Amino acid sequence: MINVLKSLFVWLCFIPAAILNGGFRQYVLSECMSNTCAMALSGVLLSLFILLISWLLLPHVVKLSRKGCLAMGGLWMVLTVGFEFVFSMSEGFSFRDMLVAYNPMTGNLWLFVVLTTFFAPLFVYKTMTVLKI
């Protein structure tokens, strides 16, 4: 349980990455391509950032185990969805507006980001096991 709590440090690093990614999408990608493509590319980029941050930091913060990684991923996913809902509601979005983000047919890959967040600790564990790092 202590490892899961320590892993919160890594999850907190996702927040500035997500904010910077959102700014990049809004001010750069949306100027170069359609909003649908910008949303999709932004989702892929954020997922890659989450995997990279997890891979770089997680092994240095906690001792990894399969069971612990699943617990971390579950906590990270709940925190991510909760943070997004609180942030969106504070910005005046309705519950219905927020649910649209979970429909990948709109070009928004937020669901992919949430699933990446869940599986990121397990990805790191498997990668470290295979590479014997």
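Description of the structure in this document.

Each value, and the rule that gives it
Residues numbered from 1 in each chain as written. Predicted model: local features only at pLDDT ≥ 70, side-chain atom pairs only at ≥ 80, totals over all residues. Heavy atoms only, no water. Axes fitted to C-alpha atoms, helices over the stretch in contact; angles between N-to-C directions. Helix = DSSP H or I, 4+ residues; strand = E, 2+ residues; numbered from the N terminus. Parallel < 35°, antiparallel > 145°, perpendicular 65-115°, else oblique. Left-handed = near helix turned anticlockwise from the far one by under 90°. Contact = heavy atoms within 4.5 Å. Disulfide = S-S within 2.5 Å. Core = buried A, V, L, I, M, F, W, Y, C linked by side-chain atoms within 4.5 Å. Buried < 20%, exposed > 50% of the residue type's maximum accessible area, 1.4 Å probe, protein only. Expected span 1.5 Å × (residues − 1). Bend = angle between axes of the 7 residues up to and from the residue.

Brief notes about the packing of helix α3 (residues 35-61) against helix α6 (residues 110-131)
Right, on to step 1. Where α3 contacts α6, the axes come no closer than 9 Å and their chain directions differ by 30°. Classified by the angle their axes make, α3 and α6 are roughly parallel. The element α3 and its partner α6 pack so that their crossing is right-handed. Note on element contacts: α6 touches α3 through Trp110, Phe112, Val113, Thr116, Thr117, Ala120, Pro121, Phe123, Val124, Thr127 and Met128, opposite Gly43, Val44, Leu46, Ser47, Ile50, Leu51, Ser54, Trp55, Leu58 and Pro59.

Let's talk about the state of the cysteines
Right, on to step 1. Using the criterion set out here, one finds zero disulfides in the structure.
Right, on to step 2. Looking at cysteine 13, it has no disulfide partner, and the nearest cysteine sulfur is the one in cysteine 69, 17 Å off.

Some thoughts on the nonpolar core
Right, on to step 1. Counting 23 residues, the largest nonpolar core has Phe14, Leu58, Leu64 and Trp76 as its most contacted members.
Right, on to step 2. If you list the elements that add at least two residues to this core, you get α2 (8-32), α3, α4 (66-90) and α6.
Right, on to step 3. With seven residues, the single largest contributor to this core is α6.
Right, on to step 4. Not counting residues within four places of it along the chain, the set of residues in contact with leucine 64 comprises Leu58, Pro59, Cys69, Met72, Val124, Tyr125 and Met128.

Some thoughts on α2
Right, on to step 1. For α2, with 25 residues, the first-to-last C-alpha span of 35 Å sits near the 36 Å given by 1.5 Å per residue.
Right, on to step 2. Roughly 40° is the biggest bend found in α2, and it falls at arginine 25.
Right, on to step 3. Buried within α2 are the following residues: Val10, Trp11, Phe14, Ile15, Ala17, Asn21, Gly22 and Leu29.
Right, on to step 4. Tucked inside the fold, the buried residues of α2 contact α1 (2-6), α3, α4 and α6.

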